[in-house]
Structures are given as C-alpha cells and as structure tokens.
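# Coordinates in review
Here are the chains, one letter per residue:
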Amino acid sequence: MTTTADFYDGRGPHAVWLGSLQGDADPATVRTIACGRLLLDATDPLTYADAVTDLLDVWADEDHGHGYHPRNGWPWLWPDSHDTDWVFTFAHGRVWITTGRAWLRVQQRVSQ
C-alpha cells in the first residue's frame, strides 16, 4: 500500500520541513533501512536531520518509492501535512510520530 510521510524539525507553526517520502513510508518500513533506524533513534536534532536527508536519498534505491527534498518544493497536492499518512518530527530530545490524531513518542531501541 502506498503511504506518504513528512519529516520536520520541531512542531507547530515554526517547525522546519525536512522532506517527504512516498511509497511504503510507514515507521516499520523506515526502520528497515540503516539511516531510518538512526532517524527513529535520534537523540539530537542534527543526527535526526542528517538521517532524514540520507533516507530521502536512498528511499528509491531501496525500492520503497520516492524521496522528496525541500529544494524541489512541496510534493503533495494538499497544502500541509494534515492529509499526510505519517508525520515524523524531532522535538524535546526525541522523535515523535503522528497519523493526524495524537503525537506518539518513538520507543528507542537499546543496542545489544
């Protein structure tokens, strides 16, 4: 099933859009890619932003769909993320995800 995802640094009106994905853009699929795991487990905004950029670059190479960088403009026909399937953001020292209802804190993986 094709889904969409938008990535932000921060929440609310001052959030910075970092890019978007189209394809199998759910959190479980994002986690299957090394930079996606890094993104979801990030504890600082620079690591998160760098991992988002890397994910946008490799998304098509991993055969999951298309990655859209901000330099190419907003990719959707809708004006904001309210109609996007998944919205990821970094705020308050961790990654959060919403499907348009409530923000859920990403459970970070503990390295073994």
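The structure displayed is predicted, hence computed values, not measured ones.

Parameters at a glance
Residues numbered from 1 in each chain as written. Predicted model: local features only at pLDDT ≥ 70, side-chain atom pairs only at ≥ 80, totals over all residues. Heavy atoms only, no water. Helix = DSSP H or I, 4+ residues; strand = E, 2+ residues; numbered from the N terminus. Contact = heavy atoms within 4.5 Å. Buried < 20%, exposed > 50% of the residue type's maximum accessible area, 1.4 Å probe, protein only. Pairing = 2+ DSSP bridges. Salt bridge = Lys/Arg side-chain N within 4 Å of Asp/Glu carboxyl O.

Here His-64 shows up in the loop between helix H3 (45-58) and strand S3 (65-68). Leaving out residues up to four positions away in the same chain, His-64 has contacts with Gln-22, Gly-23, Asp-24, Thr-29, Thr-32, Ile-33 and Trp-59.

Let's shift gears to the pairing of strand S5 (residues 94-98). Taking burial as the measure, the five residues of S5 include five buried ones, the bulk of the element. On S5, burial covers both faces: Arg-94, Trp-96 and Thr-98 on one face and Val-95 and Ile-97 on the other are all buried. Pairing between strand S4 (residues 86-91) and S5: five bridges, direction antiparallel. Looking at S5, one finds that Phe-88 is bridged to Ile-97. The loop that links S4 with its antiparallel partner S5 comprises two residues; one of these, His-92, has a positive phi angle of about 55°.

To continue, consider the pattern of salt bridges. Taken as a whole and assessed by the stated rule, the structure comprises one salt bridge. A salt bridge links Arg-31 to Asp-41; its shortest N-O distance comes to 3.3 Å. Taken together, the residues Arg-31 in the loop between helix H1 (27-30) and helix H2 (34-41) and Asp-41 in helix H2 connect sequence positions ten residues apart. Accessibility expressed as a relative area gives 13% for Arg-31, which makes it buried. Taking the relative accessible area as the measure of exposure, Asp-41 reaches 24% and is therefore partly exposed.

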